Amino acid sequence: MTASDSRARRRLPLVLAALFFLSPVAATAAEFCVATTLALQNAMQQFANGDEDTVIRLRTGTYSFPIDTVNEDARLTLAGGYTDAGCAARTLDPAATVLRPFGGGNPFLVASGVEIGSVTFRDFTGSLTLSAQGSALFGDGDLRLTRTRVEGPLPLGLQLNAHRVYLNETIVTGSGSDNHFTGRCAVNIHGMDSGGDLVAIQHSVVSGNPAYGACIGSSFANEDDGFQVWLDNNIFFANAMSLSIEQTSRHVRRNNVIDANVFEYGAADPGASGGNSTANPLFVNAGGGDFRLQNASPAINSGRTTTFAGLPQYDIVGNPRWVGPAPDRGAYESAIDGTETLIVTQVGDSVSPIVSGTLRWAIQQANASQNHSAIRFDIPGACPRIIVLENSLPPITSPVTIAGYTQPGSSPNSNDGGLHGQGSNATICVRIAGNGSAHGLRIPQSAGSLGRLNLSGVSLGDFTQAAIALEAGNGSLIAGNVVNVGQPIGIFVSGSAEDTQIGGPDPWQKNVIQAGGYGIALNPPSRRSIVENNLVGLDADGNGALRGNDVGIGISANDNTVRGNVIAGNGSGVSIFGGSRNRIAGNSFGLKVGFVGACGIPPLPACPPRDLPNTAHGVLIQGAANDNRIENNTIAHSGQSGIRATGGLRNAFAGNPVWNSGGLGIDLNDAGPDPVDNDGASGAFDLANRGLNAPVFLNAQGQARRGVLEGALFSTNGQYMLEAWVSPTCDNAHRPMRRLAGYGSVRIADAAPGDSAFGVFSMDLTAMNGAGSLVGQFITVLATEFTANGLANTSEASVCVPYTQSEDLFSDGFE
């Protein structure tokens, strides 16, 4: 038996503090619109002194950047390019907002999360350090640079430190020095805990730097820490050495321009990498800092149509990102199209003969072409224009874009999310009625790598198999559509289809998917689909679900990502049937998108209820479904369990508020609480998450806002992470987890082979995330095994214990 620290009067020295650092989540946000250096300095100082997430909008102009700003408890957003006094109108071009050094020194910015967009850093004479110190485990710790320029000299380079680093349409030039051994690359990217870290760079340019261009990881390391690196559609060119990737063999390079100057710890993943080139990208004037592409550039129309972080809507200066058969590589998008355009001019459908101007004719013509084809619409008459099919449309065997928003009267969604207004306000004028046909739009397996569909602005429904079926091809994009009126599967991804994107991060990409047996089905051997920012089961306004789906998203394939979706009004929200290494993150289950307008604060009326249940489980895991991550989701009002696993190993559940479930919030194996038994028994690995026991012998006490939880975990030898959750009510048939109240760890070292032992723990509790007081609340805690490969098996939540007030607990000065 071991103990982390059994003394309640001492702050727990966590063994995994570096891995599981958690900053309190700010309950409010501050916003500033600034037009002068003084106003910027004041806004940054208020951020540093407060505990609020802060957004600073900068009007166009030149500013002096503060020497240092530190606030590890809140997020900071710096957004440039605003052109009016109220910071409502904006240009995305980073050249319009310039940040220069304020005095000497090496400025640094530290926050729990950092987001910077549409600014240029210029003339910094040392280094510039940006750090996001939050916890990746609980949805923080990300650093994002979007449409950003970093111009030298900056001899010590741009230093980026975070659990997750995203560079999107960023240019770094004239920076670093010829001594890369000391981390003086143009851009230096370091993670916080190695194995759980992520670097994603897309549509960026790192060029004309005197030393290494981009250095990811520690220089010349000799260990494989296993963090993920995704490089899509970038240009790393004409540096002393363009790219160095250390400490990981888990890197993927796709459709980049990278000259021969590369150092890597291990070869890029051959199963996912490809399409890279060493050819000169032919910049307009690289020496003068103009990284636009000449008309003859091989980087034009040669990028990937889907990227790990989601294809952006605009390029670095605000031009449409995708013009032509594929997006350009690098930060700029040229106006060179290169597609064959076909116009649909009538709603009729005829199989024999096929009539010119119909959708069936357009797909037939596209299939006959060797080039990428764009199908546009100009059908006379008012919206909607309904195409009633005689039978299934021709299968798609060549790359094609079907652009429904080109139909007059159409408009894409412009709601940008937030707590309110996440529904879609898109006007879709082109509707395809299946009329009992088997499929709507389909890429058959026979299409192989030639099949690719980019579909937007279309409504589909009434098919006997699937509205959209993608059985082959690489990089199809389904964005900004509506799937309803009923079919067994709304969007079906299977066969050799890879890297499919359904939805995306930008508002226009949001799909509305309902009225299916399965709203979305991801079947093997397809892999690496990304399902993002969709309404699954809900109506377009996000506040009802007249149709729903039997299963919102069904997954039996591997290596998929489901993030940022609203999933409500279905049977089960997400069901994983044997699929492995899938990530379900940052989704909302069982809730409407929110009420638009002021409410809730007297004398205003009460806010309407937001519950919109998934009538079965929130997330269901069955069969040999291994190594899935269910993290940072909100899971409410499930008719059965919030998260239910009846099989599979190493499925980790972290950072998920779960409440008002019909069964247990987290339920393993048979329905209802599992007994506390020997986790080392011979049959344990036949159980879901090896039947890891929930923590026991809990006691929670302290002052109103800070206290201590003591308890024990009975299991096999190893290191375990603990999450404590607080709820206003609790019963042991449901065990809700409403707000995170603390985290900790415990180590067990005394268990004999085939047996279990107790590990005793003590961890701090804090009223956070809007919880005014812990007094009168109930605490529950769950454990997650931590291995060399990261988080593994998670337990059910423990029994609920009431928090009791003890005013003298911290009389030694803890507070």
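All of the points below concern the structure found in this document.

Procedures and definitions
Residues numbered from 1 in each chain as written. Predicted model: local features only at pLDDT ≥ 70, side-chain atom pairs only at ≥ 80, totals over all residues. Heavy atoms only, no water. Helix = DSSP H or I, 4+ residues; strand = E, 2+ residues; numbered from the N terminus. Expected span 1.5 Å × (residues − 1). Buried < 20%, exposed > 50% of the residue type's maximum accessible area, 1.4 Å probe, protein only. Arc of directions from axis to C-beta. Contact = heavy atoms within 4.5 Å. Pairing = 2+ DSSP bridges. Polar contact = N/O pair within 3.5 Å; in protein donor to acceptor, adjacent residues only side chain to side chain. Patch = residues over 30% accessible without salt bridge, like charges linked within 9 Å, V, L, I, M, F, W, Y side chains within 5 Å. Areas by Shrake-Rupley, 256 points an atom, 1.4 Å probe, with all protein chains shown as cover. Salt bridge = Lys/Arg side-chain N within 4 Å of Asp/Glu carboxyl O. Lys, Arg positive; Asp, Glu negative; His and termini not counted. Charge placed at Lys NZ, Arg CZ, Asp CG, Glu CD. Axes fitted to C-alpha atoms, helices over the stretch in contact; angles between N-to-C directions.

**Some words on helix 1 (residues 37–49)**
With 13 residues, helix 1 extends 18 Å from end C-alpha to end C-alpha; this agrees with the ideal 18 Å at 1.5 Å per step. Among all positions in helix 1, only Leu-40, Gln-41, Ala-43, Met-44 and Phe-47 are buried. For helix 1, the buried positions fall inside an angular range of 165° around the axis, keeping them on one side. Exposed and facing more than 90 degrees away from the buried side of helix 1 are Leu-38, Gln-46 and Asn-49. Buried residues in helix 1 make contact with strand 2 (29–34), strand 3 (53–59), strand 4 (61–65), strand 5 (68–82), strand 6 (97–101) and strand 7 (108–122).

**What to know about the environment of Gly-117**
As for its placement among the helices and strands, Gly-117 is situated in strand 7. Taking the relative accessible area as the measure of exposure, Gly-117 reaches 10% and is therefore buried. For the pair Gly-117 and Thr-77, spaced 40 residues apart in the sequence, the C-alpha separation amounts to 8.2 Å. Ignoring anything within four residues of it in the chain, the contact list for Gly-117 reads Leu-78, Ala-79, Gly-80, Arg-90, Thr-146, Arg-147 and Thr-148.

**Remarks on the pairing of strand 29 (residues 452–456)**
Strand 29 sits mainly inside the fold: five of its five residues count as buried. Side chains Arg-452, Asn-454 and Ser-456 of strand 29 all project onto a buried face; the interleaved residues Leu-453 and Leu-455 project onto the opposite face, where all are buried too. Sheet analysis places strand 27 (residues 399–403) next to strand 29, joined by five bridges and oriented parallel. Counted as the bridge partner of Pro-399 is Arg-452 from strand 29. Note that strand 29 and strand 31 (residues 477–478) share two bridges and pair parallel. What sits directly across from Asn-454, in strand 31, is Leu-477.

**Things to note about the side chain of Thr-305**
Residue position: Thr-305 is located in the loop between strand 23 (290–293) and strand 24 (340–344). In this structure the side chain of Thr-305 is engaged in a polar contact, spanning 2.5 Å, whose partner is the backbone oxygen of Gly-475. Ignoring any residue separated from it by four or fewer positions in sequence, one finds Thr-305 in contact with Leu-311, Trp-322, Pro-325, Ala-326, Pro-327, Arg-452, Asn-454 and Gly-475.

**Quick notes on a negative patch on the surface**
On the surface, a cluster of negative charge is contributed by Asp-51, Glu-52, Glu-72 and Asp-73. For Glu-52, the location among the structural elements is in the loop between helix 1 and strand 3. Judged by relative accessible area, which is 31%, Glu-52 ranks as partly exposed.

**A closer look at the sheet that holds strand 40 (residues 561–563)**
Reading across from one edge, 24-25-27-29-31-34-37-40-43-46-49 is the order of the eleven strands in this open sheet, with parallel pairing throughout. Each having just a single partner strand, strand 24 and strand 49 (652–654) make up the two edges of the open sheet. In this sheet, strand 40 lies alongside strand 37 (residues 530–532) in parallel orientation, the contact comprising three bridges. Bridge assignment links Val-531 to a residue of strand 40, and that residue is Val-562. Against the sheet, helix 2 (residues 359–368) engages strand 24, strand 25 (373–377) and strand 27, with an angle of about 165° to strand 24.

**Regarding the pattern of salt bridges**
Under the defined criterion, the tally for this structure stands at 25 salt bridges. A salt bridge links Arg-57 to Glu-31; the nearest nitrogen and oxygen atoms lie 3.0 Å apart. Highlighted residues: Arg-57 in strand 3 and Glu-31 in strand 2, separated in sequence by 26 residues. Among the residues examined, Glu-31 registers a relative accessible area of 54% and is labelled exposed. A salt bridge links Glu-169 to Arg-147, with the nearest nitrogen and oxygen atoms 3.3 Å apart. Placement of Glu-169 in strand 11 (residues 164–173) and of Arg-147 in strand 9 (residues 142–151) is noted, with a sequence separation of 22 residues between them. You can call Arg-147 buried: its relative accessible area is 11%. Ionic contacts of the salt-bridge type, sharing partners, join the residues Asp-232, Arg-254, Arg-304, Glu-498, Asp-499, Arg-527 and Arg-528 into one network.

**Examining the environment of Ser-727**
Within the secondary structure, Ser-727 sits in strand 54 (residues 718–727). Note on Ser-727: relative accessible area 2%, which makes it buried. With residues up to four places along the chain from it excluded, the contact list for Ser-727 reads Pro-736, Met-737, Arg-738, Gln-777 and Phe-778.

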